Amino acid sequence: MTKPTYPQIPSSEITPKQAYLSRRDFIKAAGVIAGSMALAACGIASAENPPEASAPAPANPAQKDELGDPVNTFQDITNYNNYYEFTTDKEGVAPLSKNFKTTPWDVEVSGLVKNPRKFGVEDLVKKYQPEERIYRLRCVEAWSMVIPWVGFPLAKLLKEVEPTSDAKYVRFETLFNPDEMPGQKSVLYPWPYQEGLRLDEAMHDLTLLATGLYGGELPAQSGGGIRLVVPWKYGFKSIKAIVKIELVANEPSTLWSAIAPNEYGFYANVNPEVDHPRWSQASERRIGEFKRRETLMFNGYAEQVAGLYAGMDLSKKY
Amino acid sequence: MKKSRFTLLQIIVHIGGWIPLALILYDFFTRNLTANPIQAIEQRTGLQALTFLLLSLACTPVASIFGWKELIQRRKALGNYSFLYAALHVTTFFAIDYSLDLAAVWRDVWNKSYIIIGALAFLLLLPLAFTSFNYWMKRLGKNWKRLHKLVYIISPLVVVHFILVVKGSLAQLQGNLAQPLIYGGIALLLLILRIPKVKAALLVRRKNLEPGFQEMVLFIKKSFKTDR
């Protein structure tokens with residue numbers, strides 16, 4: 001029997017760029033109409049607060065993940081997230097990153113590859129035609145969201161630089177610039193942020209390099225210029241503002257496993273059976289919902305990724 | 001001017017005791033409790049419970065260092081506000097976060113040290129809140145003071161609970177530890193000031209204070225004593 005190692009996301013879930021772009025226009029137009037109706041109803045002059053032209057589309061209730069759960073609002077996604085390079089306050093990230101420049105953005109791909117190169121994110125977007133991917137994000141703090149990313153599989157970029165046969169892992173590094181990222185002045189963290197994946201995890205089709213969100217650009221607070229999204233792992237694996245991707249032979253160190261190796265493993269797969277030593281991971285709160293949900297094995301992507309870990313003791317390789 | 005029954009300090013304590021709750025309610029109704037309001041309520045009530053616990057713990061040493069006796073009378077109210085926020089904290093956890101699903105709570109947290117330590121602190125706080133009425137003070141006599149020394153155990157437990165809920169590692173002094181360590185440092189200081197030798201040394205010091213400093217203390221005390 002040839003069971004595919006990972007079924008693709010149902011093609012109905014992937015929105016062609018043309019479609020979501022025109023949908024954005026439609027939503028924008030709908031928003032303007034609804035807005036003007038509301039204003040008319042209240043009898044308020046609209047001149048004071050014209051709708052921001054660049055504001056991304058509001059939540060489209062039609063957008064759901066493959067399990068049928070709606071995407072979170074753009075407001076929640078971009079105003080409630082961890083990004084310790086700016087601050088440990090989840091609501092403080094957006095205001096503090098307001099002036100952070102995400103374009104132009106370069107990412108250097110090096111290490112055990114045949115064609116080491118520096119890429120401009122703009123060129124990558126042109127070359128790889130990013131697509132929309134609706135993924136669940138499960139934070140190790142037991143909250144979760146459904147997020148419509150725009151990006152392309154990391155595999156495409158890796159194939160282009162051609163890893164040598166010695167390359168077994170991929171190491172990622174975030175920009176280090178304490179002047180623009182004030183959280184990096186804190187001595188409580190071993191900056192810069194670094195993360196890693198096994199090469200087969202990195203080559204998996206679900207593993208995304210995101211360059212956009214909600215049909216628009218990737219906002220600074222969400223990890224722009226370019227970030228990783230690994231939906232079956234806890235959120236901290238999905239490193240933001242990447243400037244360096246390095247192919248290496250040995251398992252790279254990661255920021256959180258350097259801080260507390262007994263608590264944050266290299267794999268960090270979402271796993272309700274394996275608790276963080278101090279907190280349970282059995283349930284979570286989906287942002288916007290009242291009741292807790294059961295956490296799903298591999299965050300609901302078990303069918304696609306469980307094969308990567310066949311024969312591994314996940315309670316030891318957490 | 002009619003003489004008030006209340007001192008200024010008393011008024012400050014009681015208004016200050018309700019302000020954090022009012023702010024939480026205000027933020028709730030104006031939808032400013034973050035995208036994760038339940039967790040925000042848990043975090044804010046928890047922090048307030050610890051804040052008021054430390055304030056009540058600060059009364060005795062501050063009163064003996066500065067000779068500001070009225071603080072001793074306000075100690076109990078501060079402790080009761082600590083209990084108010086602790087009770088809201090625990091209630092939010094069980095009734096809202098886990099929707100009273102005790103099976104889910106048990107499965108998620110029975111072996112989690114931060115819950116066990118937090119629950120222990122709350123259980124120890126219960127008899128203190130319960131005996132805070134004058135009736136019990138009189139009835140228990142000397143034992144009341146003894147019983148209320150439980151706070152020396154409760155406050156370190158709460159600090160440990162705080163350290164365990166944040167991300168990071170105390171052993172490596174890395175992670176999200178700034179706030180719990182500040183609170184922990186204050187708690188430690190307030191407990192050290194109760195060690196008999198330290199206390200005696202401080203009282204000797206107090207007598208040698210510069211006159212100017214004493215005058216300042218007197219002035220602060222006076223300004224709080226108006227309308228008595």
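Coordinates for the structure precede this section.
Residues numbered from 1 in each chain as written. Chains lettered and ligands numbered in written order. Predicted model: local features only at pLDDT ≥ 70, side-chain atom pairs only at ≥ 80, totals over all residues. Heavy atoms only, no water.

## Focus: the pairing of strand β7 (residues 208–213) of chain A
All names here are of chain A.
- Within β7, six of the six residues are buried, which leaves the element mostly enclosed by the surrounding structure.
- Here strand β4 (residues 143–153) runs beside β7; their pairing, made up of five bridges, is antiparallel. Residue pairing for β7: Pro153 is matched across the bridge by Leu208.
- In this structure, β7 lies alongside strand β9 (residues 227–229), joined through three bridges in antiparallel fashion. By the bridge assignment for β9, Leu209 is matched with Leu228.
- Here two bridges tie β7 to strand β8 (residues 216–217), and the two strands are oriented antiparallel to one another. Its bridge partner being in β8, Leu213 is matched across the sheet by Gly216. (Buried < 20%, exposed > 50% of the residue type's maximum accessible area, 1.4 Å probe, protein only. Helix = DSSP H or I, 4+ residues; strand = E, 2+ residues; numbered from the N terminus. Pairing = 2+ DSSP bridges.)

## Let's talk about the pattern of salt bridges
- Per the counting criterion, the structure on display carries 26 salt bridges over all chains.
- For Glu284 of chain A, the salt bridge goes to Arg138 of chain A, with nearest N and O atoms at 2.9 Å. You can see Glu284 of chain A sitting in strand β11 (residues 283–286) and its partner Arg138 of chain A sitting in strand β3 (residues 131–138), a full 146 residues away along the chain.
- Of the residues examined, Glu284 of chain A reaches a relative accessible area of 2% and is grouped as buried.
- Put simply, Asp27 of chain B and Arg44 of chain B hold a salt bridge, and the shortest N to O gap is 2.8 Å. One end of the pair, Asp27 of chain B, is in helix α1 (residues 8–29); the other, Arg44 of chain B, is in helix α2 (residues 37–66), and 17 residues separate them in sequence. (Salt bridge = Lys/Arg side-chain N within 4 Å of Asp/Glu carboxyl O.)

Honestly, that's just the spatial picture; any functional story needs more than this.
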